[in-house]
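Structural description and commentary
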Amino acid sequence: MKYIAHRDEAGREQLLIEHLRNTAARCKYFAAVFQAGQWGEIAGLYHDIGKYSDGFIKRINENGSKVDHSTAGAIEVKNKYQGISLPLTFCIAGHHGGLPNLGTQIAVAGDGTLNGRLKKKLQDDLDYRSYASEVTMDLKPPEMPARNVFKDQFYSGAFFIRMLFSCLVDADFLDTEAFCATDKAENRGRFADIPELTNLLLQYLAGFKSGGSPINSKRQQILQECKQQAKSAPGLFSLTVPTGGGKTLSSLAFALLHAKKYGQQRVIYVIPYTSIIEQTADIFRNILGEDNVIEHHMNVDYYGSNDEDIIKQKYKLATENWDAPVIVTTNVQFFESLYGNKTSKCRKLHNIANSVVVFDEAQMLPNDYLLPCVRAIAELVQYYKVTAVLCTATQPSLNKIFPQQMEIKEICSDIQDLYDFFKRVEFKEVTLPDEVALVAKLNQYDQVLCITNSKKEAQIIFDQLKGERGVSVFHLSTFMYPVHRREVLKKIRSCLLNGKPCKVVTTSLIEAGVDVDFPVVYRELAGLDSIIQAAGRCNREGKNTLENSKVFIYSLTEPAYGKTPAFVRQQVEITKTILKDHQDVASVAAIKDYFDRLHFFKGYNLDVEAILDKSNSGQFPFREIAEKFVLIKEDTRTVFVPFDASSEKIAALLRNGIRTRELLRQMAQYAVQVYEYQYQKMLALGQLKCVDNNICILLDREIYDADKGLLLNMEEGQSIFC
C-alpha cells in the first residue's frame, strides 16, 4: 500500500512518511529555540498518522468525505508517553481546528473537548494502525521543561502548549506549501538578517553630525545610551524618553544592536494604533530598506491584484508566521495571538521567541487586560529568550505587576534630567462655564489645538469656532474614514508649516503619535498620560519660549454634552488628585504616582475576564480563553462610506457580491466604526444598505459631513481604534 499525504493539481504525490518526517524536522528546529526540540520532533512525526486510515485513503484517491485524521496521533502519543503526553495530545488533536478545551473526565466521546476526542473509537474507516509499518522511529520520551509547568504552574504549562502548537502548525503548513505551492515557497523569506540590518542602521546614523542645536545634542546623548545599553544581558527593559527625544530611532538602535550581540532572530514593534504603525514603519523602511519591514494590522494591504507582484507576495507570506526580521504590529494582533487557540493566530508565536520586542507607547497597554498582558511579557522574557522594552514618554509603573524576581532595567541613566531638558510647555488648569466660554478662548489664537474626550463635544465646539471652514478651522475624529482624516491632517500640517491660521478640534486620536506642532493646546481634563501626550503636540520642536507655549487643562462646569464619558471618568478623578499633589504634573514622580493609583485603585479590575484565573486553573480552557480575550469588543459595526470615485467602485463590487481580501482592505480605508445602538438607529431610518451580515453601505450622504464626518445623535462613547 502506498500512503499519500498530498496530491497537487498536476497529480504529483507526496508520500505520507515523507510529510511526517519533514514536518518533524521543521518542528524540532523551531521548538529547539526554547529547548523543546524533542517535543517538536514527536509532535511532527505523529500529527498526521490518522491519514493511514482507509477513510483518508478514500478521501485522497476517490474524493471521499472528510475524515478526522488528527485524533489518531493524539491517542497514540497519549498511550506511548503516559504521564507527560498532555502538550503533545493538545497540539496534535488541534493542529487543524485549533486548541480545544481540556474538558472533564466524564466528557462524552467526540464532544469537541480534548478528553472527548481521546475517547473516540477509531475503527473501521478510521483505523490507523497500519502507521506502524512506516513510522518506525523510536523516539525517547522528552524531558519536561525545567519548571514544573504541569503541576504547580499551569499558566506556564498552557503557554508552553501554545508555543509548541505554533511550531507544529507552522511546520505542517510550510511542508505542505513546499510541495503543493512551490511558487509561494520560493517567494517566502529572503530577507536581510539582523547583522545586515544593523549595518544599514549604523550607516544611516553615521550621517548625523554631532553637536548642532541643544535638542539634537540631547537626542544624540539618548541614542548613545541606547547603543551602550544594548550590550546588557537580555531581559526586561524600559526606555523612558520625553516627547521629542527621538525614542523611535533610539529604540531601534537598542533593538538591532542587542539582537545582533545576542543572536536574536528579529525585532518586533508592538504599537497601540495603526496611525503610529504607519509612521513608524515608514521610518524603518527608509533606514532598513523597503523589503525588510513588515506591517501586520487591519489596514495594510499586501494582497495586490497583481499575482506576479513578488514583493507583495513575500510580505503577505511573512504576515502568516512573522518570519521577517522586522515586524511592526498592534497590541491587538500581538496579545490576542498569545491568548488565541486558532491555527491562523498561533502560527506566528514560535517566531516571537528569541526576539527583541519593543512595546511602543507602553502606557497604552489595555488596562482591562493589563495583568494577562504583563504575565505574557514576563513568560516570554523568562522562558523564551525574549528581550522586552517598555518604550514611552509616560512610563506606566509596572514594577509591582511583574513577577517579583523580574527587574525592569531603565536604559536612560537620568530620566528626570531628560524631562527637565525637554520641558517645552507650561501647564495651567482652567475652569470654564460652558462651550461658549471655551470657544471664546480658542478664538483668541490664530493657531490652537483643542482636544476633547468625546466626538460629540468635538463637533459642538467645531460648529462654534470662527474661521473659514476647510482653510483655517479643522475637525478630526474617528467618525471620519481614514482617507478623509489623512487629507485633513495634510492641510493642517501645511497651515502650520506656512504660519497660516489653523484651529483644530479633535478627539484623543491626535495624541497617538500624530506629528503636529501648535503654540497653544487646550486639553479637556482626562488621564494624566493623555494630557502629557497632548502636550507633545505643543512647541514640539522647542522653537518658542516656555512662557509662550501653554497647555491649558480645561473643564466645563455646565457642558452641553452632559457628564464626563464613563470610559474616562476614573482617570479624570485620579488626575484631579495628581494635580493637587504635584506642582509639576509632567514630572517623573507625578507620572509614577498616577499609574500607581490607576492600577491599584480600589475595585479597579486589571483582568476583567479573569484570564489568569482560567489559565491557572489546570483545566486548560484554550477555546474559552481565546473567546474571552478580545481587546476590542465586538459591539461595533462597520459602515462603508462611498464618498469619491474610488470608493464608489468599491461599493459597486461589494453590491455585486465580490469579497476578496484586497477589496475588504481597500474598503477599510473608507470605513467608520459605530456602536451597535447607533447602527440600529441608522438601519431603522433607512440610512444604510446591508449587503451581507458584516458590511453596510451608507445610503444617506447628508449624514456624512465634509468637515465633521459621520453625523449621528451621539451619546458618550470612546474613540474606536483597531
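1. Things to note about the pairing of strand β4 (residues 266-271)
With respect to burial, β4 is a largely interior element, 6 of its 6 residues being buried. The two faces of β4 match: Arg266, Ile268 and Val270 on one face and Val267, Tyr269 and Ile271 on the other face are all buried. Where β4 lies against strand β7 (residues 355-360), 5 bridges are found, and the strand directions are parallel. Looking at β7, one finds that Tyr269 is bridged to Val358. Judged from the 5 bridges that link them, β4 and strand β6 (residues 326-330) form a sheet pairing that is parallel. Pairing of Ile268 across the sheet is with Ile327, part of β6.

2. Quick notes on the side chain of Thr71
Tracing the chain through its elements places Thr71 in helix α4 (residues 71-80). Polar side-chain contacts of Thr71 include one of 2.5 Å to the side chain of Asp68. Aside from chain neighbours lying at most four places away, what touches Thr71 is Arg117, Lys120 and Leu122.

3. Observations concerning the packing of aromatic side chains
Applying the stated rule across the entire model yields 32 aromatic pairs. Between Tyr46 and Tyr131 the ring centres are 6.2 Å apart and the planes differ by 65°, which places this aromatic pair in the edge-to-face class. Here Tyr46, found in helix α2 (residues 37-46), pairs with Tyr131, found in the loop between α6 (114-118) and α7 (154-180); they are 85 residues apart in sequence, far enough to count as distant. There is no split in this pair, since Tyr46 and Tyr131 are both buried. With a centroid separation of 6.5 Å and an interplanar angle of 75°, the aromatic rings of Phe640 and Tyr670 are classed as edge-to-face. Taken as a pair, Phe640 in strand β16 (residues 636-640) and Tyr670 in the loop between α27 (661-668) and β17 (671-675) lie far apart in primary sequence, 30 residues in all. Note on accessibility: Phe640 and Tyr670 belong to one class, buried.

4. Side note on the packing of helix α1 (residues 16-31) against α2
Their axes nearest at 7 Å, the elements α1 and α2 cross at an angle of 155°. With respect to their mutual orientation, α1 and α2 come out roughly antiparallel. For the pair α1 and α2, the sense of crossing is right-handed. Facing Leu20, Thr23, Ala24, Cys27, Lys28 and Ala31 of α1, the residues of α2 in contact are Gly37, Gly40, Glu41, Gly44 and Leu45. When the residues that make up the contact of α1 with α2 are grouped by side-chain class, the tally is 5 nonpolar, 4 polar and 2 charged.

Rules and cut-offs
- Residues numbered from 1 in each chain as written.
- Predicted model: local features only at pLDDT ≥ 70, side-chain atom pairs only at ≥ 80, totals over all residues.
- Heavy atoms only, no water.
- Buried < 20%, exposed > 50% of the residue type's maximum accessible area, 1.4 Å probe, protein only.
- Helix = DSSP H or I, 4+ residues; strand = E, 2+ residues; numbered from the N terminus.
- Pairing = 2+ DSSP bridges.
- Polar contact = N/O pair within 3.5 Å; in protein donor to acceptor, adjacent residues only side chain to side chain.
- Contact = heavy atoms within 4.5 Å.
- Phe/Tyr/Trp six-rings, centres within 6.5 Å; stacked < 30°, edge-to-face > 60°.
- Axes fitted to C-alpha atoms, helices over the stretch in contact; angles between N-to-C directions.
- Parallel < 35°, antiparallel > 145°, perpendicular 65-115°, else oblique.
- Left-handed = near helix turned anticlockwise from the far one by under 90°.
- Nonpolar A, V, L, I, M, F, W, Y, C, P; charged D, E, K, R; others polar.

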